[in-house]
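Listed here are the chains, written in short residue letters.
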Amino acid sequence: MLSISNLNVSFGGVQALNLTHFELKDKELRVIIGPNGAGKSTFMDVLCGKTVPTGGSACFKGTNLIGKSEIEIARMGIGRKFQKPSVFEGLSVFDNLMLGLKGKKGCFSSLFFKLKPEQKNRIISVAKRVNLYEKLYAPAGSLSHGQKQWLEIAIVLLQEPKLMLIDEPAAGMSDAETEKTGELLCELAQNNGVIVIEHDMHFVKQIAQDKVTVLVRGEILTEGSFDEVKNNRDVIDCYLGTPESAQTRK
Ligand SMILES: Nc1ncnc2c1ncn2[C@@H]1O[C@H](COP(=O)(O)OP(=O)(O)O)[C@@H](O)[C@H]1O
Ligand SMILES: [Mg+2]
C-alpha cells in the first residue's frame, strides 16, 4: 500500500527524517514509537502533503505522493488525525460531523446545507462506530478529551480514507478510553491501512497486531513484533529503558 525510499526532510540544515526504506502492506496496522523529536510527526506531515521532503519518494498504491498537495493526497485516500484535537467546541457532535462530510472549507454553506437522508445515515453510523451516538446532539465542547479524539477520528472516517494516519491518539485519555480507542483502531485496520504514532507501551501492546517501527533521530532503528522490539537491546538503550520500566511506561 505504501512504499518509501530514501525519504529525507531537513529543517534549516538539520535532518529531521531519513527513511531509507519503509513498507506498509494493505490493511496493515503499523505502530511507530520513538523518543520526542525522532521525526514521527514529520513522517506523517510528509505523507499528508503538509511538509515537502528534501528528497526521496513515497508511493501510495503505486503513485508517488511527493509534490502533491494536501487536498490531492486526501482525495487519493490518505486521512490524517493530528496530535491536538481541533473540533468546533460550540457546535454539536452532529454538526462537526456534517462539516467533516462537506470539508471544512465551505463552513457556512455547510451549516445551512440540507443533508440528504443517506448523508445523515452515514453520520449516524460513523458516530456509532466511535462510541459517540449518545452524544450526537451534545456540544463538542462538553465532550471528554478522549471523546473529542474519537470525534476527530470520525471526521477522518467520513472521508473514507484507505490509509489513516493517527498521531498519539491515547495521549491524555483515561484507561477506559484508551482501551476503547485500541479496539476502534484494530477494527479500522480490518478494512484500512492504519499508521499510529504512540508512546504508551501498554496501548502499543494492545494494538500492535503487525509490526512496530522504532524511529530514533529520524532513522529506523529496528522493526518487528511488539515482543521483538520491546526486548531489543538498542531499543531499550535508546528509548525504553529497562524491560521492567518499559512494561510500566505510560
Ligand atoms: N516545522 C518545523 N520546523 C523546524 N523544525 C521542525 C519542524 N517540525 C519538526 N521539526 C524538528 O524536526 C525534528 C522531528 O520532530 P517531530 O517530527 O515533531 O518529532 P516527533 O513527532 O517524533 O516527536 C525535531 O528536531 C523538531 O524540532
Ligand atoms: Mg510528534
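Everything below is about the structure printed above this text.
Here goes a summary of the coordinates provided. What you see is a predicted model, and the numbers here were worked out from it, not measured in a lab. (Residues numbered from 1 in each chain as written. Chains lettered and ligands numbered in written order. Predicted model: local features only at pLDDT ≥ 70, side-chain atom pairs only at ≥ 80, totals over all residues. Heavy atoms only, no water.)

### Description of helix 7 (residues 175–188)
Helical periodicity: at 3.6 residues per turn, an α-helix aligns residues three or four positions apart in one direction.
Piece 1. With 14 residues, helix 7 should reach 20 Å at 1.5 Å per residue; the first-to-last C-alpha distance of 20 Å fits that figure.
Piece 2. Along helix 7, the residues that are buried comprise Glu 177, Thr 178, Thr 181, Gly 182, Leu 184, Leu 185, Cys 186 and Leu 188.
Piece 3. Buried residues along helix 7 sit against strand 3 (29–33), helix 5 (117–129), helix 6 (145–158), strand 7 (163–167), strand 8 (193–197) and helix 8 (201–207). (Helix = DSSP H or I, 4+ residues; strand = E, 2+ residues; numbered from the N terminus. Expected span 1.5 Å × (residues − 1). Buried < 20%, exposed > 50% of the residue type's maximum accessible area, 1.4 Å probe, protein only. Contact = heavy atoms within 4.5 Å.)

### Brief notes about the pattern of salt bridges
Piece 1. Across all of its chains, the model carries 10 salt bridges by this definition.
Piece 2. The salt bridge partner of Arg 30 is Glu 28, with a shortest N-O separation of 2.8 Å. This pair shows no difference in class: Arg 30 is buried, exactly as Glu 28 is.
Piece 3. Salt-bridge contacts for Lys 148 lead to Glu 89; the nearest nitrogen and oxygen are separated by 3.1 Å. Placement of Lys 148 in helix 6 and of Glu 89 in the loop between strand 6 (78–81) and helix 3 (93–102) is noted, with a sequence separation of 59 residues between them.
Piece 4. Lys 148 gets classed as buried once you look at its relative accessible area, which sits at 15%.
Piece 5. Assessed through its relative accessible area of 42%, Glu 89 is described here as partly exposed.
Piece 6. Counted as one network, the salt bridges with shared partners bring together Glu 28, Arg 30, Lys 211 and Glu 223. (Salt bridge = Lys/Arg side-chain N within 4 Å of Asp/Glu carboxyl O.)

### Focus on the site of ligand 1
Piece 1. Within the structure, ligand 1 sits among Phe 11, Ala 16, Pro 35, Asn 36, Gly 37, Ala 38, Gly 39, Lys 40, Ser 41 and Thr 42.
Piece 2. Within the backbone of Gly 37, a nitrogen or oxygen atom sits 2.8 Å from an oxygen atom of ligand 1.
Piece 3. Here Lys 40 contributes a side-chain N or O atom positioned 2.8 Å from an oxygen atom of ligand 1.
Piece 4. Taken by itself ligand 1 offers 560 Å² of open surface, and the protein chains cover 54% of this.
Piece 5. Here the element with the most residues in the shell around ligand 1 is helix 1 (residues 40–47); it accounts for 3 residues.
Piece 6. Among the residues forming the shell around ligand 1, the class breakdown is 4 nonpolar, 5 polar and 1 charged. (Near = heavy atom within 4 Å. Polar contact = N/O pair within 3.5 Å; in protein donor to acceptor, adjacent residues only side chain to side chain. Areas by Shrake-Rupley, 256 points an atom, 1.4 Å probe, with all protein chains shown as cover. Nonpolar A, V, L, I, M, F, W, Y, C, P; charged D, E, K, R; others polar.)

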